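# Structure assessment
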Amino acid sequence: MIMKGRFILDYLDENNFKKLERSLKKLEEEINQKEIKISELQQQLLKEEIYTDYQKVGEINYEIENLNSEIENGLIKWEEIQKSIDELKYFGITRAVGA
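Residues numbered from 1 in each chain as written. Predicted model: local features only at pLDDT ≥ 70, side-chain atom pairs only at ≥ 80, totals over all residues. Heavy atoms only, no water.

### Structural notes on the overall build of the chain
Counting its regular elements, the chain contains 3 helices and 0 strands. Start at the N end of the chain and walk to the C end: the helices and strands fall as α-α-α. Relative to its 99 residues, the chain shows a buried fraction of 20%. Sequence-distant contacts in the chain: of pairs separated by 6 or more residues, those separated by 24 or more amount to 75%. Accessible surface, the chain as shown: approximately 7,800 Å² in total, 53% of it carbon and sulfur. (Helix = DSSP H or I, 4+ residues; strand = E, 2+ residues; numbered from the N terminus. Buried < 20%, exposed > 50% of the residue type's maximum accessible area, 1.4 Å probe, protein only. Contact = heavy atoms within 4.5 Å. Areas by Shrake-Rupley, 256 points an atom, 1.4 Å probe, with all protein chains shown as cover.)

### Things to note about the environment of Gln42
Checked against the element boundaries, Gln42 lands in helix α1 (residues 2-44). Separated by 18 residues in the primary sequence, Gln42 and Ile60 have C-alpha atoms spaced 8.2 Å apart.

### Topic: the nonpolar core
Among the nonpolar cores identified, the biggest contains 16 residues, and Ile60, Ile64, Ile81 and Ile85 are the most heavily contacted of them. Contributions of two or more residues to this core are made by α1 and α3 (54-90). Those residues within four positions of Ile81 in sequence are excluded, and the remaining contacts are Leu20, Ser23, Leu24 and Leu27. (Core = buried A, V, L, I, M, F, W, Y, C linked by side-chain atoms within 4.5 Å.)

### A look at the environment of Glu40
Residue placement: Glu40 occurs in helix α1. We classify Glu40 as partly exposed; its relative accessible area is 43%.

### Some points on the environment of Lys26
Of note, Lys26 is situated in helix α1. Measuring from C-alpha to C-alpha, the distance between Lys26 and Trp78 comes to 10.0 Å, with 52 residues separating the pair along the chain.

### Considering the pattern of salt bridges
The tally for this structure, following the rule as stated, stands at 2 salt bridges. Where Glu59 meets Lys56, a salt bridge forms, and the shortest distance between an N and an O atom there is 4.0 Å. In this pair, Glu59 and Lys56 both sit in helix α3, 3 residues apart, roughly one turn of the helix. For Glu59, a relative accessible area of 43% translates into the label partly exposed. Residue Lys56 is classed as partly exposed on the basis of its relative accessible area, which comes to 32%. (Salt bridge = Lys/Arg side-chain N within 4 Å of Asp/Glu carboxyl O.)

Shown next, in the form of structure tokens:
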């Protein structure tokens, strides 16, 4: 009975580990895409037709600020997920996704 319970717990931990790894990878991709978008927006600000239009500059800066805020929140979430992964690794649940 104890072995059956331990097996279920191991299975749930391994399943959780895989979900966390997938979430971490997805989050990293989202953060990367937002960083690319910020870079593109910053490049737009260098164009004369943009930097001479104060309204357009304001809109772009607002979008950049929002993206930076989303990145900051994503990094906080990334740290939380990574901590959970590290805890599962510490307890011996170390199989990677696809392993």
